[in-house]
Every structure is written in structure tokens, then in C-alpha cells.
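# Architecture and fold: a report
Take a look at the letters that make up each chain.
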Amino acid sequence: MAQDTQYDVIIIGTGAGGGTLAYHLAPSGKRILLLERGDYLPRELQNWDADEVFVKNRYVSPDTWYDAENRPFQPQVHYVIGGATKMYGAALYRLRKEDFGELRHYDGVSPAWPISYDDMEPYYSYAEELYQVHGHRGEDPTDPPASAPYPFPAVSNEPRIQQLYDSLRAAGYHAFHAPCGIMLNEQHRAASTCIRCQTCDGYPCLVHAKSDAEVIAVRPALEFPNVTLLTNAQAVKLNTSASGRDVTEVVVEHDGAREVYRGNIVVVSCGAANSAKLLLMSANDRHPHGLANGSDQVGRNYMFHNSRAVLAVSTEANDTIFQKTLGLNDFYLKGVDGFEYPMGNIQMTGKSVPGQYRGEKPRLTKLAPTWSLTDVSHHAVDFWLSTEDLPRPDNRVTVDAQGAIKLSYTPNNQEPSEQLYKKLKSMLPQLGMSPHHLISRDLYMETSIPVAGVAHQSGTCRFGADPKTSVLDINCRAHEVDNLYVVDTSFFPSIGAVNPALTAIANAVRVGDHILQRLGAPTTGLTVSGSQAR
């Protein structure tokens with residue numbers, strides 16, 4: 001065991017939630033321990049190799065999870081400092097204001113959050129500044145009100161994407177410049193950290209120019225002498241006091257040995273599935289069904305979006321390098337052509353390259369049998385369609401006695417996803433592309449079931465005002481355990497239809513202010529009214 005094991009705050013996980021929280025708490029002078037089950041992701045040429053990243057799964061954890069039928073699969077999780085943000089596309093969207101209220105969907109109701117958009121808004125602006133988000137307000141009519149402009153100008157569209165942008169606007173749609181967290185200086189490229197390469201979305205950034213949690217939060221936090229990082233350290237159990245009201249010990253497997261650490265406040269931020277696992281594996285006499293699980297909600301209401309990546313192939317070449325610069329939310333809150341329900345978000349995804357098509361060759365060659373995969377890539381325009389899936393109690397994470405994760409998930413609200421796909425397909429002739437050349441693109445080349453794609457996982461420890469129906473209170477503190485918090489996307493009561501990372505980041509700062517106040521340390525000074533003050 002380490003010589004000194006007592007800390008003011010222990011944070012388990014270094015991703016968008018945990019990493020950001022560590023950064024936010026670091027200047028307080030309080031003793032902070034940051035636990036990461038993995039290590040730094042290697043900086044190597046393979047970071048930019050599509051075959052290594054997408055086909056060989058070089059950076060994917062070797063974990064085995066099980067689906068509802070007990071079939072094993074390899075989840076697309078990455079246990080590294082920075083967590084999922086190391087591989088994300090840095091699309092940093094705010095949830096729409098309407099996402100915080102109750103929304104009726106084709107397949108049911110998306111529940112209201114216990115806080116309002118206005119409560120979260122100051123933290124969104126703070127998070128955009130921290131994560132260096134580029135964007136342009138006013139183009140997207142669904143954009144919620146903001147107290148500040150984007151801190152950096154929108155990333156410019158390259159010619160083919162600008163042509164798409166112009167065509168969409170000319171057809172009456174509200175294409176917009178997508179909010180993007182990269183360290184790009186287009187006005188002074190010689191001083192830019194980002195080189196605007198093709199290997200951003202889905203890849204780790206070799207030059208550390210992506211606004212991920214390692215670069216933006218963890219590394220700066222470690223400059224403070226009161227912050228300690230322990231790598232290759234997996235939290236396996238949380239022990240409590242005899243009353244069950246406080247976590248007293250964090251049991252850690254560190255480099256093959258068991259160690260115990262103690263913190264006045266313990267924060268779980270392992271990702272929605274693994275945070276639920278840790279709480280469930282921490283059952284004791286006072287919490288027989290899992291820590292903080294008197295409501296039987298831990299692990300339930302798992303969500304991860306109804307998403308599909310598609311590529312449109314046209315006779316016109318697409319020479320775009322950095323493609324993820326355009327979005328469309330015209331169908332986010334309402335459908336079209338007689339379909340009255342919300343459909344979701346359309347955005348560009350990273351430019352496809354031939355190495356990503358391995359395993360897709362039969363479909364692609366059927367599409368265009370006279371073309372090579374290089375030809376397909378050169379003429380492809382890649383879209384990402386995201387539709388909200390709804391929280392369902394039976395969509396859940398459970399664990400067996402050995403700690404193996406079982407992820408039971410039955411898809412729901414799929415018709416809006418199909419309607420969004422059909423709408424995009426119908427728009428292609430207006431955009432200079434054939435509707436017959438729109439096909440699915442599988443980003444997860446070696447996985448065979450949808451639940452393996454867990455990049456947007458959320459919802460397993462939802463927050464709420466009622467302890468009977470939620471795990472956490474509005475400050476993301478466990479109803480039943482006074483010093484236990486959860487700050488990853490587990491807290492989401494609904495997921496919306498845009499990427500969840502910015503909301504996780506903003507919420508980590510919001511919860512961080514609450515923790516700082518509890519510790520008697522200065523906060524950001526962001527003041528809000530309404531439900532946040534309760």
C-alpha cells in the first residue's frame with residue numbers, strides 16, 4: 001500500500017467528466033487523487049493508421065462483455081487517460097433547450113431533467129471556453145440561447161463541403177458550421193497546433209491538437225502539486241461506514257496488487273457501464289443490491305443513441321481532408337412529410353479512407369463494381385445520423401459474481417432514425433448526389449452487434465429529485481451516500497440526439513462548484529437561479 005492514502009477528493013476515471021472535474025478542483029489546494037485503470041495512450045505513427053485503429057482495434061480494450069443472450073462481444077471502450085475523448089470526433093454540441101423538458105417521441109416520452117437549460121447554460125459557456133470550441137452562433141435555429149459567443153471562429157468548410165453547405169442553404173435548409181473542439185488557428189497556420197489532418201474523428205491525435213480530456217484537463221491539473229495521478233489502477237470496490245452513509249475506502253487493483261485509498265469525497269466517472277458495475281460490485285449489508293441502489297435504478301435506463309454512419313458516393317470527387325465541419329438540425333425537434341415526431345441530428349463524420357472499408361468490401365463492390373475501394377473513398381461524402389433512444393428500465397447493465405458486465409439492450413424509437421435516413425436520401429439529388437448511392441458505413445469493423453458501439457453510453461445512474469426513481473440528486477450526489485458523486489454521462493435522464501461530451505464537461509464543472517463549496521474553497525462564481533439553487 002502507498003505510504004499516504006488519505007485524500008480530500010478521489011476521482012475514479014479521467015474522461016470528459018472525471019478529467020474535467022480534476023482540472024476544476026486542482027487550484028483549490030485540496031489533496032486530489034485521480035485513478036485511471038489504463039495509462040497514457042501511446043504516441044506512435046499507428047495513431048494515424050486506419051487499419052490499426054479501425055480494423056485491428058489497436059487501442060480498444062480487450063474486455064469481454066455479454067449481451068442479453070449471454071453472447072460475448074468486445075465493447076468499443078478505451079481505457080486510457082482522457083477516456084473516450086481520446087478517440088472522439090470533438091463534436092461539442094449543447095443539448096437543445098427542449099431536451100431538458102419532456103419531449104414526446106414516436107416510441108414514447110423522453111423525460112424532463114431535474115434542472116433546466118438555464119441552470120446549465122453558464123457552464124456550457126465555461127466548457128466551450130475551456131475546450132476551445134470553434135463555432136458560429138445564429139446559423140442553426142434550434143440552437144439554444146447562449147450567454148457568450150463561441151470562443152473561436154468556426155472551422156472553415158473545404159470546397160466540397162462548402163458546396164454541400166451552399167446547396168443545403170439554397171434548398172431552404174439551415175446547414176451550420178458544426179461546433180468543434182480542436183486547437184486550430186486558421187489565421188496563423190504556422191502557429192497552429194492542429195494541422196487539419198484526415199485522422200481526427202475516431203483516431204487519437206498524434207500531435208495533441210484535439211481538445212480531449214487528457215490534453216485540456218488532466219495534464220494541466222497535474223501541474224498542481226496537490227494532484228496525484230495513479231495509472232493502471234482499477235477501482236474494484238467502494239467500502240462504506242457501518243451506517244452505509246459514507247464511502248470510507250476505495251479498493252484498487254494497482255499493477256497486480258490490491259491497495260486501499262481513503263477520500264473525504266469520492267467521485268465515480270468510469271463511463272456509464274463501468275460506473276454502474278462499480279456500484280453494483282460494492283454491495284454490502286447496508287446496500288444489499290449495490291451501493292446507492294435502494295431505488296433499483298443503478299444500471300438501468302442505459303442509452304447510447306440510434307446512430308448510423310452512411311456514405312454518399314457521387315461522380316464528383318471529394319478531396320476534403322477535414323470533413324467534420326457541417327451539421328443540420330432541421331429535423332431535430334420535428335419531423336417532415338407527415339411524420340410529426342423528432343427525428344434527430346445530421347452531421348458530417350470523418351472522411352472515410354480505404355483502410356476503413358475492410359469488411360465492407362462486398363457491399364461497396366456491389367454498389368460500384370467497376371470501382372476500387374480507393375475510388376469509393378475518393379468520391380464519398382460521409383454523414384452521421386443520430387436519433388434519440390429512450391430510457392427503458394430493462395435496458396440495463398448487470399454484473400455476475402466475477403464482475404463480468406452483461407449489457408441487455410432492446411432497441412427503441414427506431415422509426416425516426418429510418419425516417420431521417422429516408423429524408424437525407426431524398427435530399428441527395430438537390431445536393432448533386434444520387435439517392436441510389438447512399439449506403440451504410442460500419443465504423444466498428446470487427447463487431448457484429450449494435451451494443452458494441454458504446455461511445456455515447458449514458459443513463460445508468462440517472463439524477464433526479466425523487467430518491468425512489470433516481471440514483472443521484474441534482475448535484476449528482478448519491479441520495480443514499482453522503483460523500484459519493486457520479487459525474488460521467490451516467491447521470492443523464494435522457495440523451496437527446498447530439499453528442500453528449502460537452503454536456504458531461506459542463507456538468508462536471510457545475511458539480512465541481514458544488515464540491516468546492518462543500519470543501520470551503522472558491523468556485524467559478526457562476527451564479528444561476530431556479531432549480532439549481534434548490
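For the structure, see preceding data.
Within each chain, residues carry numbers counting from 1 in the order of the written sequence. Reporting in this predicted model follows two pLDDT cut-offs: at least 70 for local features of residues, and 80 or more for side-chain atom pairs to be given and counted; totals over whole chains, interfaces and linings ignore these cut-offs and use all residues. No hydrogens and no water enter the side-chain calculation; it runs on all heavy atoms of the structure.

## Observations concerning the pattern of salt bridges
Note the cut-off: Salt bridges are identified by distance alone: a Lys or Arg side-chain nitrogen within 4 Å of an Asp or Glu carboxyl oxygen. Counting from the N terminus, the helices are the DSSP runs of H or I reaching at least four residues and the strands are the DSSP runs of E reaching at least two. Residue exposure (1.4 Å probe, protein chains only): buried if accessible area is under 20% of the type maximum, exposed if over 50%, otherwise partly exposed.
Taken as a whole, this structure holds 26 salt bridges when the rule is applied. Between Asp-212 and Lys-86 there is a salt bridge; the shortest N-O distance is 3.0 Å. With Asp-212 in the loop between strand S10 (180-181) and helix H5 (213-221) and Lys-86 in the loop between strand S4 (72-73) and strand S5 (103-105), this residue pair connects regions lying 126 residues apart in the sequence. Its relative accessible area of 2% is what places Lys-86 among the buried residues. With its nearest N and O atoms 4.0 Å apart, the salt bridge here joins Asp-337 to Lys-423. In this pair, Asp-337 sits in the loop between strand S16 (326-328) and strand S17 (345-348) while Lys-423 sits in helix H9 (residues 414-427), placing the two residues 86 residues apart along the sequence. In this structure Lys-423 comes out as buried when scored by relative accessible area, which is 13%.

## Looking at the pairing of S17
Worth spelling out the cut-off: The pairing criterion is simple: DSSP has to find at least two bridges between the two strands.
What you see with S17 is no split at all: Asn-345 and Gln-347 on one side and Ile-346 and Met-348 on the other are buried throughout. Both S16 and S17 contribute to a ladder of two bridges, which runs antiparallel. From the neighbouring strand, Leu-328 faces S17, where its bridge partner is Ile-346. Examined bridge by bridge, S17 and strand S18 (residues 380-387) share four bridges and lie antiparallel to one another. In the strand pairing of S18, Gln-347 is matched with Trp-384.

## So, the sheet that holds strand S8 (residues 152-153)
Read across the open sheet, the three strands follow the order S8-S7-S10; overall the sheet is mixed. In the strand order of this sheet, the two ends are held by S8 and S10, each with one partner. Of the pairings in the sheet, the one linking strand S7 (residues 133-135) to S10 comprises two bridges and is antiparallel in character. Bridge pairing in S10 links Val-133 to Gly-181.

## So, the pairing of strand S13 (residues 247-254)
Relative to S13, strand S12 (residues 233-240) is paired through seven bridges, and the arrangement is antiparallel. By the bridge assignment for S13, Ala-235 is matched with Val-252. Strand direction decides the pairing type here: S13 and strand S14 (residues 257-268), joined by five bridges, are antiparallel. Among the inter-strand pairings, His-254 is bridged to a residue of S14, identified as Ala-257. The hairpin formed by S13 and S14 contains two residues between the paired strands, and Asp-255 there has a positive phi angle of roughly 50°.

## Here's the deal with the packing of aromatic side chains
Threshold: Ring pairs are drawn from Phe, Tyr and Trp, using the six-membered ring of Trp, whenever the two centres fall within 6.5 Å, and their geometry is named by plane angle: stacked under 30 degrees, edge-to-face over 60, tilted for the rest. The rule is short: NZ of Lys or CZ of Arg within 6 Å of the ring centre and within 35 degrees of the ring normal puts a charge over the ring.
One pass over the full model with this rule turns up 18 aromatic pairs. Their ring planes at 70° and their centres at 5.7 Å tell us that Phe-339 and Tyr-341 sit as a pair that is edge-to-face. Chaining the aromatic ring pairs together yields one cluster made of Phe-100, Trp-113, Tyr-117, Tyr-124, Phe-463, Phe-491 and Phe-492. Against the face of Tyr-421 rests Arg-308, its NZ or CZ located 4.2 Å from the ring centre.

## Digging into the packing of helix H1 (residues 18-25) against H5
Note the threshold: Axis lines are fitted through C-alpha atoms, for helices just across the contact stretch, and the angle between N-to-C directions can take any value from 0 to 180 degrees. Reported orientations rely on four angle classes, namely roughly parallel under 35 degrees, roughly antiparallel over 145, roughly perpendicular from 65 to 115, and oblique for the rest. A crossing counts as left-handed when the near helix is turned anticlockwise from the far one by less than a right angle, and as right-handed when that turn is clockwise. We call two residues in contact whenever any of their non-hydrogen atoms come within 4.5 Å of each other. Each residue gets one of three labels, nonpolar for Ala, Val, Leu, Ile, Met, Phe, Trp, Tyr, Cys and Pro, charged for Asp, Glu, Lys and Arg, and polar for the others, Gly among them.
The interhelical angle for the contact between H1 and H5, taken along N-to-C directions, is 45°, at an axis separation of 8 Å. Regarding the angle of H1 to H5, the classification is oblique. The chirality of how H1 crosses H5 is left-handed. When H1 is examined against H5, the residues Gly-19, Thr-20, Ala-22 and Tyr-23 are found in contact with a partner set consisting of Ile-216, Ala-217, Val-218, Pro-220 and Ala-221. Residue composition of the contact of H1 with H5, grouped by class: seven nonpolar, two polar and no charged.

## Re helix H3 (residues 117-130)
The condition that has to hold: Take the number of residues in a helix, subtract one, and multiply by 1.5 Å to get its expected span. Take the seven residues that end at a residue and the seven that start at it, fit an axis to each, and the angle between those axes is the bend at that residue. Any pair of N or O atoms that falls within 3.5 Å is considered a polar contact. Within protein, one atom must be able to donate a hydrogen and the other to accept it, and sequence-neighbouring residues count only if both atoms are side-chain atoms.
Relative to the 20 Å expected for 14 residues at 1.5 Å per residue, H3 spans 19 Å between its end C-alpha atoms, a close match to the ideal helical length. Its maximal kink placed at Tyr-123, H3 deviates by approximately 25°. Most of H3 is tucked away, with 11 of its 14 residues classed as buried. Turning to H3, its buried residues are Tyr-117, Asp-119, Met-120, Glu-121, Pro-122, Tyr-123, Tyr-124, Ser-125, Ala-127, Glu-128 and Leu-130. Residues of H3 that are buried sit in contact with H1, S7, H5 and helix H10 (501-519). If you check the start of H3, you find a side-chain oxygen 3.3 Å away from the backbone N of Asp-118, and it comes from Ser-116. A positive phi of about 55° marks Gln-132, the residue just after H3.

## Describing the side chain of Asp-513
Cut-off, in case you're wondering: Two residue types count as positive, namely Lys and Arg, and two as negative, namely Asp and Glu; His and chain ends fall outside the count.
The topology assignment puts Asp-513 in helix H10. Buried and unpaired, Asp-513 has Arg-510 as its nearest opposite-charge partner, separated by 9.2 Å. Not counting chain neighbours up to four residues away, the residues in contact with Asp-513 comprise His-24, Tyr-123, Thr-523, Thr-524 and Gly-525.

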